[in-house]
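# Observations on the three-dimensional arrangement
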Amino acid sequence: MNFQKGTVQSLNVHVLPTNRFKTFTITLFAGTPLQEETVTSTALIPYVLRRGTANKPETIALREQLDELYGAGFGFNITKRGNTQFVQFRMDVINDRFVNSEVSLLSEAIKYVGQMVTQPLVENGEFRPTYVDAEKQTLQKQLESVINDKIRYASERCMEEMCANEPYRLNVAGRLEDLPHVDARTLFDRYQQWLTQAQLDIYVVGDTTLEEVMGYIEQYFTLPDRSPQPYERADVQHNVDEVKTIVEQLDVNQGKLNLGLRMNTGYASPNYAAALVYNGILGGYPHSKLFVNVREKESLAYYCASRLDGHKGILSIQSGIEFANYEKALKIIEQQIAEMKTGNITEVELSQTIAMLSNSLREMFDNANDMLGFDFNNRYANTNRTIDQLLTEVQSISISDVQAVAQQVELDTIYFLRDRQEV
């Protein structure tokens with residue numbers, strides 16, 4: 001898996017020529033610093049861009065264009081890696097060879113993305129106000145819905161408390177209190193700043209060449225003079241002076257016990273493979289210590305799992321419990337973390353975890369989005385590890401390797417969401 005690399009107008013181009021897929025997969029990453037002042041307006045930008053372009057000002061016409069491209073798919077995500085907020089545009093279109101098309105569908109797809117991102121509908125020096133107002137309501141409903149999804153709410157609140165003095169605390173979708181201050185003019189101003197300062201990386205996977213893709217980008221991306229801001233990557237080293245315990249009370253029927261741990265190991269670290277195995281053994285799979293000991297043996301949790309964020313060097317543990325089981329569940333979770341530090345890991349736990357991770361890595365070769373996502377993670381972390389290299393590293397991990405990582409792990413924050421009864 002070797003992506004060919006090029007640059008067009010300070011836009012980084014990554015192409016994987018392959019005939020393994022019947023479609024072309026196109027993804028554009030636009031990354032800017034995750035900041036309180038801009039997080040909401042940046043999150044709102046793609047909602048408004050999708051409503052209309054200079055060439056297709058009406059939303060229905062823009063969407064009908066996808067049907068004309070044999071049902072091409074288009075969407076976007078707003079994500080964060082470390083201290084960076086990303087707007088990620090995605091498009092999939094069938095390869096011309098499989099349909100009776102008179103035009104290059106790859107050309108039309110790149111044109112669609114390029115015009116949407118760089119040639120938006122502008123009226124009187126601002127976005128169309130009706131589009132901005134409608135999409136503000138869309139984003140507002142999305143932000144308000146977080147409180148109804150208690151698993152997600154507890155996860156975000158735990159990170160907010162854990163990273164109280166770090167950009168990572170911010171909800172990447174923005175803040176409700178900012179929306180009343182955003183209008184068509186201020187959002188267009190932010191868009192212009194965003195397009196000038198964002199790190200832009202476009203990926204194309206399919207039966208094409210770097211030269212062909214760069215030609216289409218040159219033709220369809222109308223970029224201003226740009227000064228992309230370098231990525232400010234998060235420092236994964238973090239000493240914990242005191243464990244924070246946060247208890248929040250809401251009208252809930254089930255308690256949410258979340259823990260935030262500092263791994264002091266990150267995506268670019270030499271022992272990243274061992275960190276992946278650590279997470280897998282602790283709480284990544286149904287055979288993991290948390291699932292077996294907290295949920296199965298003690299029946300203390302409806303769910304109990306862990307997730308690793310390598311770009312931030314954070315491991316989070318989520319569990320759903322009865323309110324009365326807080327102390328007991330917390331004790332058993334902490335015991336599993338301690339077991340990892342002492343190397344109390346069985347060969348079965350190790351081998352099952354390595355097998356699961358190995359399967360996931362091998363499956364990446366069958367998914368264009370997984371392959372380009374892996375390559376972009378390398379770019380963001382300033383590493384050049386291949387999937388095969390990571391697979392080899394994972395398969396060579398020993399119990400002592402996992403223990404060495406475990407001994408660097410520090411519990412930072414305990415967050416418990418419970419009912420409004422007296423604690």
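A short tour of the structure in this document, coming up. (Residues numbered from 1 in each chain as written. Predicted model: local features only at pLDDT ≥ 70, side-chain atom pairs only at ≥ 80, totals over all residues. Heavy atoms only, no water.)

In this section: the pairing of strand S5 (residues 84-94). S5 sits mainly inside the fold: eight of its eleven residues count as buried. Where strand S3 (residues 23-33) lies against S5, eleven bridges are found, and the strand directions are antiparallel. Bridge pairing in S5 places Phe29 opposite Gln88. Direction of pairing for strand S4 (residues 73-81) relative to S5: antiparallel, over a ladder of nine bridges. Within S5, the position partnered with Phe76 by the bridge is Phe89. Where S4 folds back onto S5 in an antiparallel hairpin, the turn is made up of two residues, including Gly82, whose phi is positive at roughly 55 degrees. (Buried < 20%, exposed > 50% of the residue type's maximum accessible area, 1.4 Å probe, protein only. Helix = DSSP H or I, 4+ residues; strand = E, 2+ residues; numbered from the N terminus. Pairing = 2+ DSSP bridges.)

Further remarks concern the packing of aromatic side chains. Taken as a whole and assessed by the stated rule, the structure comprises 18 aromatic pairs. With centroids separated by 3.9 Å and ring planes inclined at 5 degrees, the aromatic side chains of Phe29 and Phe376 adopt a geometry described as stacked. Placement of Phe29 in strand S3 and of Phe376 in helix H12 (residues 368-381) is noted, with a sequence separation of 347 residues between them. In this structure Phe29 comes out as buried when scored by relative accessible area, which is 1%. By relative accessible area, which is 0% here, Phe376 ends up buried. Taking 5.4 Å as the distance between ring centres and 65 degrees as the angle between the ring planes, the aromatic pair formed by Phe74 and Tyr112 counts as edge-to-face. Linking Phe74 in strand S4 with Tyr112 in helix H3 (residues 105-118), this pair joins segments that are 38 residues apart in sequence. Residue class for Phe74 comes out partly exposed when judged on its relative accessible area of 22%. For Tyr112, a relative accessible area of 4% translates into the label buried. A connected cluster of aromatic rings, assembled from ring pairs, spans Phe3, Phe29, Phe86, Tyr203, Tyr231, Phe376 and Tyr380. Sitting above the plane of the Tyr168 ring, Lys80 keeps its charged end 4.2 Å from the centroid. (Phe/Tyr/Trp six-rings, centres within 6.5 Å; stacked < 30°, edge-to-face > 60°. Lys NZ or Arg CZ within 6 Å of the ring centre and 35° of its normal.)

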